Amino acid sequence: MGFPKHIYRKANSILADRRQKAEDLGEQQKQEIYAAIPELRQIEQQLAETGRGVIAAVAARSGDVRQIVESLKQRSLALQERRRSLLEEAGVPEDYLQPPYTCQKCHDQGYVNNYRCSCMEKLLRQLATQELGGAGLENFSFHNFSLEYYSEVPNENGTIPRSYMANLKNYCQDYARCFDPKKSGSLLFVGGTGLGKTHLSLAIAREVIDKGYGVIYASVQNLMARLEEERFNSGYGSTDEEAELRYLSMVMETDLLILDDLGTEYLNQFISSTIYNLVNTRLLRNKATIISTNLLPGEIGKRYSDRLVSRLFGSYKTVNFIGKDIRIQKGLMG
Ligand SMILES: [Zn+2]
């Protein structure tokens, strides 16, 4: 599934590191115990010999292969038994001669029979989540999205904010739960500050990451600063490797891109065309994007090009947030 490539690279290098440490430590423990009980070293050599004997017997195809193999097997079992009792006498746990791998299932390879091991899955999710760490992902879930800040009194349109927002929360939760990188549509979260847009986008991010998909979350302002820097400092990568590592291509490719606070960025020619390119390219590639903004639809129309406005209102589903600024209410309440 779709984690950015640099996340796989990081995961593989962490696993390689774990493996190396476990093997070094295993070797060290083995040498210590062989020094204390020299017979264990002989047993290991004899076990290796019986193994080679089995291979040789099978390869030679002469004599009674079955009988030879059977007797070697018996010898091997006897040697293992002797090793067990030596270790037991010395009060050393039996696995002391094995490298202490973090994962016993895959021995820190990350794969078992060509399938990704659960430890690898876990690591990928952790890395992807860490990357969003700046956003304080762990503080935002559907579970702690509180409806108590939304009034139960109908507004001028007769809408009850609390029930409306309860539905909206359910909608977002379903969106996250059913997230499919090829099918999920793009959303435009519209509404004033402090109405829960960031909270719900991060709750979606968290759940989509848990499903094993790649998510990039950034405020439009920070993302644009980073892309501008990348463009002016490093230019465009010449090798595939460099190109792949470019943040722009990661942002284009990620399964779910969440852009917070459209409208707060400083606009110039590069930024307007980059925003349009991102939105347009991801739509063409059927990739889901969630954009949130405090701007009213009319203000979006004034600030951005017609082609961007037509993509946002034509191809994104607009989700309106209503209520009173939660941050202010929290300030008043506590
Ligand atoms: Zn594993």
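The structure under discussion appears in the preceding block.
Residues numbered from 1 in each chain as written. Predicted model: local features only at pLDDT ≥ 70, side-chain atom pairs only at ≥ 80, totals over all residues. Heavy atoms only, no water.

Novice: Now, about the overall build of the protein: what can you tell me, with residues and values included?
Specialist: Per the secondary structure count, the protein includes 13 helices and seven strands. Summarising its shape, the C-alpha atoms of the protein cover approximately 90 × 50 × 35 Å along the three principal directions. Nonlocal contacts in the protein, meaning residues at least 24 apart in sequence, comprise 77% of its contacts between residues at least 6 apart. When the 42 basic and 41 acidic side-chain charges of the protein are each reduced to a single mean position, those positions are 5 Å apart. (Helix = DSSP H or I, 4+ residues; strand = E, 2+ residues; numbered from the N terminus. Contact = heavy atoms within 4.5 Å. Lys, Arg positive; Asp, Glu negative; His and termini not counted. Charge placed at Lys NZ, Arg CZ, Asp CG, Glu CD.)

Novice: Account for the coordination of the zinc ion, naming residues and giving values.
Specialist: The zinc ion binds to the protein through Cys 103 (SG), Cys 106 (SG), Cys 117 (SG) and Cys 119 (SG), with metal-donor distances spanning 2.2 to 2.3 Å. What the four donor atoms of the zinc ion show is an angle range of 100 to 113° at the metal, which sorts the shape as tetrahedral. For the zinc ion, all donor residues lie on one chain, and their spacing in sequence is C-x2-C-x10-C-x1-C. Of this pair, Cys 106 sits in the loop between α3 (65–90) and β1 (111–112) while Cys 119 sits in helix α4 (residues 118–131), and the two are 13 residues apart along the sequence. We note that Cys 106, like Cys 119, is buried. (Donors = N, O, S within 2.8 Å, 3.2 Å for Na, K, Ca; no water. Tetrahedral: all angles 85-135°; square planar, octahedral: opposite > 155°, others 65-115°. Buried < 20%, exposed > 50% of the residue type's maximum accessible area, 1.4 Å probe, protein only.)

Novice: Mind laying out the side chain of Ser 76, listing which residues take part and the relevant values?
Specialist: Here Ser 76 lies in helix α3. On the accessibility criterion, Ser 76 (16% relative accessible area) is buried.

Novice: Run through the environment of Asp 255, naming residues and quoting values.
Specialist: Examined against the element boundaries, Asp 255 turns out to sit in the loop between α9 (247–253) and β5 (256–262). As for Asp 255 and Ile 209, which are separated by 46 residues in sequence, their C-alpha atoms are 9.7 Å apart.

Novice: Please set out helix α2 (residues 38–60) residue by residue, giving values where relevant.
Specialist: Over its 23 residues, α2 extends 33 Å from the first C-alpha to the last, a length consistent with the 33 Å expected when each residue adds 1.5 Å. Three or more residues of α2 are buried, namely Leu 40, Ile 43, Leu 47, Thr 50 and Ala 57. Looking at the buried residues of α2, the elements they touch are α1 (5–36) and α3. Two residues or fewer after α2 comes Arg 61, characterised by a positive phi angle close to 55°. (Expected span 1.5 Å × (residues − 1).)

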